[in-house]
Amino acid sequence: MKKLITVMALFIVANVFAQNAIVISADLGKDKINKNIYGHFAEHLGNCIYNGFYVGDTNKIIPNTNGVRNDLIQALKELKVPVLRWPGGCFADTYQWKDGVGPKDKRPSIVNRWWGGVTEDNSFGTHDFLNMCELMGADPYLAANVGSGTVQNLIDWTQYVNGKRGTSPMSKWRVENGRVNPWNVKIWGVGNEAWGCGGNMKPEYYANIYRQYSTFMGDWTNGEHLFRVASGSSGSDYNWTEVLMRDIPHNLMEGIALHHYAVIDWNAKGPATGFDEKQYFTIIRNALQMEELVTKHSTIMDKYDPKKKVALVVDEWGGWYDVEPGTNPGFLYQQNTIRDAMIAGVTLNIFNNHCDRVKMANLAQIVNVLQSVILTKGTAIIKTPTYHVMEMYNVHQDATMLPLHIKTNEYVFGNEKLPAVSASASKDSLGVTHISLVNIDPAKAQDISLEMRGEKYTTVTGRILSSKKVQDFNSFENPDAIKPVVFNGAKLNNNKLTIQLPPNAVVVLTLK
Ligand code: AHR
């Protein structure tokens, strides 16, 4: 209590001197920021898998390992992708995994009914994905077909990927297909968007189906429990979370999902570049709604699970705009600007600050689809502003979250306003503190007074990602137009920082 009063007093004092005031309690950290909050999502959609990751194992033009392009894997390794969700999305509830294993020339094709109606030859399947995750150093997160699948099919898939050699007909088949050791996949999604493309179910009905599927999934991971994620609500459908938390025994469910996209209007999403300030403001406001969603879903979960054993898994999030002109509307290909860097910065701050309940999140989607970190074109790849934010923020992975109090100026547009500054902080295993700050105001710099309490610091360094305009982006002609540079705008004096944050900027500070 004494500590809390001291923090509040410091906070009030700090407010007297600056409008943006932050107090961080370096000695009060207790919750770990699960590295999986920095997770990604790869669906069979547009050019994410085919022509994105997978260029074919006979490709002689783009350097690849078993068909997966090497430059992409290298960039994603540097990003420290902790976990990758596959094969969907909506596609997951149509996917027949058995059609994607064995000799490639014998695999039946599949029509991708959700995304462009294209025919896929199944040349990228379970082995390809799981081996690719190994190359990347990421944990796989398999989304199972519940909407049009069977319980037996899922039992078979878990045995195929996780059964020890010789323990089941499925593990025998895996060995015949060239993989001796199991992959030990721990994280499994039980369907996707069951309220919509996953079967248009009611929550009570899905809860029963979930109970059935999860009962038979077994524990095929070297004695470790599976981490089973129930298909969660869309945005503010709180009843969905309430029913699942109430009706599913918690020993059958390790996580419950939530999907939230920042979108202006599903029928008029606006362009990914060349948007106006109203569109900018609206998207950022919708991205910031994540705070309310996470808080309210967590409150419902607290009622049924006060010890926070069931995780909130935001396994789809990001900005969603109109596709680039001239591209297939079913492929969801969009450019990525500083606006997306703002979305990523504020959303990851929200997840960090709620890390007691949010244990995993997956940005939609990793390559060439929606808010991607990488775009590909022929032999070239570019890193988007979102890539750079996720790379700057990866210092928070598995670090201890430091609680903070923030008072911020407002970014005003017309009659509406949003908090201009967003922040989160953590201390890593070496005792180094990192603070991530975002100024969403496209025109005004922010002076911040930041008080560190509970620990003495002697140095501060930083990196910044910014650009003149929120509409700026990296193109194939100018791939490094936006990238992080050294930030000299933070001064440390007597454990107090004064920071000048330029307009539309993401900054990560390192304090020792
Ligand atoms: O990420 C694109 C789509 O958005 C996913 O397939 C679906 O789950 C969501 O509606």
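As the structure is a prediction and not an experimental result, all values here were calculated from the model.

The rules we used
Residues numbered from 1 in each chain as written. Predicted model: local features only at pLDDT ≥ 70, side-chain atom pairs only at ≥ 80, totals over all residues. Heavy atoms only, no water. Near = heavy atom within 4 Å. Polar contact = N/O pair within 3.5 Å; in protein donor to acceptor, adjacent residues only side chain to side chain. Areas by Shrake-Rupley, 256 points an atom, 1.4 Å probe, with all protein chains shown as cover. Pairing = 2+ DSSP bridges. Helix = DSSP H or I, 4+ residues; strand = E, 2+ residues; numbered from the N terminus. Axes fitted to C-alpha atoms, helices over the stretch in contact; angles between N-to-C directions. Disulfide = S-S within 2.5 Å. Parallel < 35°, antiparallel > 145°, perpendicular 65-115°, else oblique. Left-handed = near helix turned anticlockwise from the far one by under 90°. Contact = heavy atoms within 4.5 Å. Nonpolar A, V, L, I, M, F, W, Y, C, P; charged D, E, K, R; others polar. 1 Å grid on protein atoms, 1.4 Å probe; cavity = no way out; pocket = protein on both sides within 12 Å on 5 of 7 lines; lining within 4 Å. Points joined across faces, edges and corners; volume = space filled by probe spheres on them. Buried < 20%, exposed > 50% of the residue type's maximum accessible area, 1.4 Å probe, protein only. Salt bridge = Lys/Arg side-chain N within 4 Å of Asp/Glu carboxyl O.

### Section: the site of the ligand
All residues in the neighbourhood of the ligand are listed as Phe41, Glu43, Gly89, Cys90, Trp115, Asn192, Glu193, Tyr261, Glu316, Trp320, Gln365 and Leu370. In the environment of the ligand, an oxygen atom lies 3.0 Å from a nitrogen or oxygen atom belonging to the side chain of asparagine 192. One nitrogen or oxygen atom from the side chain of glutamate 316 is found 2.7 Å from an oxygen atom belonging to the ligand. Here the ligand, which alone exposes 280 Å², has 93% of that area covered by the protein.

### Points about the sheet that holds strand 26 (residues 496–501)
Strands sit in the order 17-1-22-26-25 across an open sheet of 5 strands; the sheet is mixed. The outermost strands of the open sheet, each flanked by one partner alone, are strand 17 (404–407) and strand 25 (490–493). Each strand of the sheet is rotated relative to its neighbour by a mean of 15 degrees, with strand direction disregarded. As judged from the 4 bridges shared by strand 1 (residues 20–25) and strand 17, these two strands associate in the antiparallel manner. Note that in strand 17 the partner of isoleucine 22 across the bridge is isoleucine 406.

### Quick word on the state of the cysteines
Applying the stated criterion to the full structure yields 1 disulfide. Disulfide pairing is shown between cysteine 90 and cysteine 197; the S-S distance is 2.2 Å. The S-S bond linking cysteine 90 to cysteine 197 shows a torsion near -85 degrees; that makes this disulfide left-handed. With a gap of 107 residues between them, cysteine 90 in the loop between strand 5 (83–86) and strand 6 (110–111) and cysteine 197 in the loop between strand 9 (187–190) and helix 6 (203–216) connect regions that are remote in the sequence.

### What to know about unusual backbone geometry
Cis geometry is adopted by the peptide bond preceding proline 87, which originates at tryptophan 86 and carries an omega value of 5 degrees. Structurally, proline 87 is set in the loop between strand 5 and strand 6. Following alanine 364, the chain continues to glutamine 365 via a peptide bond in cis, the omega torsion being -10 degrees. Its location among the elements puts glutamine 365 in the loop between strand 13 (358–364) and strand 14 (374–377). A positive phi angle is found at leucine 370, which is not glycine, with a value near 50 degrees. Within the secondary structure, leucine 370 is located in the loop between strand 13 and strand 14.

### Comments concerning the packing of helix 7 (residues 238–247) against helix 8 (residues 277–304)
The interhelical angle for the contact between helix 7 and helix 8, taken along N-to-C directions, is 25 degrees, at an axis separation of 9 Å. The orientation of helix 7 relative to helix 8 falls into the category roughly parallel. Two packed elements cross with a definite hand, and for helix 7 against helix 8 that hand is right-handed. Of the residues in helix 8, those touching helix 7 at Tyr238, Thr241, Glu242, Met245 and Arg246 are Glu292, Leu293, Lys296, His297, Ile300, Met301, Lys303 and Tyr304. Here the contact of helix 7 with helix 8 is built from residues that sort into 6 nonpolar, 2 polar and 5 charged.

### Details of empty space enclosed by the protein
Counted by the stated rule, this structure contains 3 cavities of 30 Å³ or more. A volume near 80 Å³ is recorded for the largest cavity. With 3 residues, helix 4 (residues 151–162) is the single largest residue contributor to the lining of the largest cavity. When its residues are assigned to classes, the lining of the largest cavity shows 5 nonpolar, 5 polar and no charged. In this model, the second largest cavity occupies a volume close to 50 Å³. As for the second largest cavity, its lining consists of 13 residues, of which Ser231, Gly232, Ala257, His259 and Asp315 are closest to the centre. Mapped by element, the contributors of at least two residues to the lining of the second largest cavity are strand 10 (227–234) and strand 11 (255–262). Residues of the lining of the second largest cavity, tallied by class, amount to 4 nonpolar, 6 polar and 3 charged.

### Some points on the pairing of strand 27 (residues 505–511)
Where a strand is regular, its side chains alternate between the two sheet faces. In terms of residue burial, strand 27 counts as a mostly covered element, since 7 of its 7 residues are buried. In strand 27, alternate side chains face the same way, and those of Ala505, Val507, Leu509 and Leu511 on one face and Val506, Val508 and Thr510 on the other are all buried. One ladder, built from 7 bridges, connects strand 21 (residues 433–439) with strand 27; its direction is antiparallel. Looking at the pairing, threonine 433 lines up with leucine 511 of strand 27. As paired strands, strand 23 (residues 460–466) and strand 27 are joined by 7 bridges and run antiparallel to one another. Paired with valine 460 across the bridge in strand 27 is leucine 511.

### Considerations on the pattern of salt bridges
Inspection of every chain in the model, using the stated rule, returns 24 salt bridges. For the salt bridge of aspartate 398 with lysine 32, the shortest nitrogen-to-oxygen distance reads 3.9 Å. On the criterion of sequence distance, the pair formed by aspartate 398 in the loop between helix 10 (385–393) and strand 16 (400–401) and lysine 32 in the loop between strand 1 and strand 2 (39–41) is long-range, its members being 366 residues apart. Lysine 32 sits in the partly exposed class, given a relative accessible area of 49%. Linking lysine 296 and glutamate 292 is a salt bridge whose minimum nitrogen-to-oxygen distance equals 3.4 Å.

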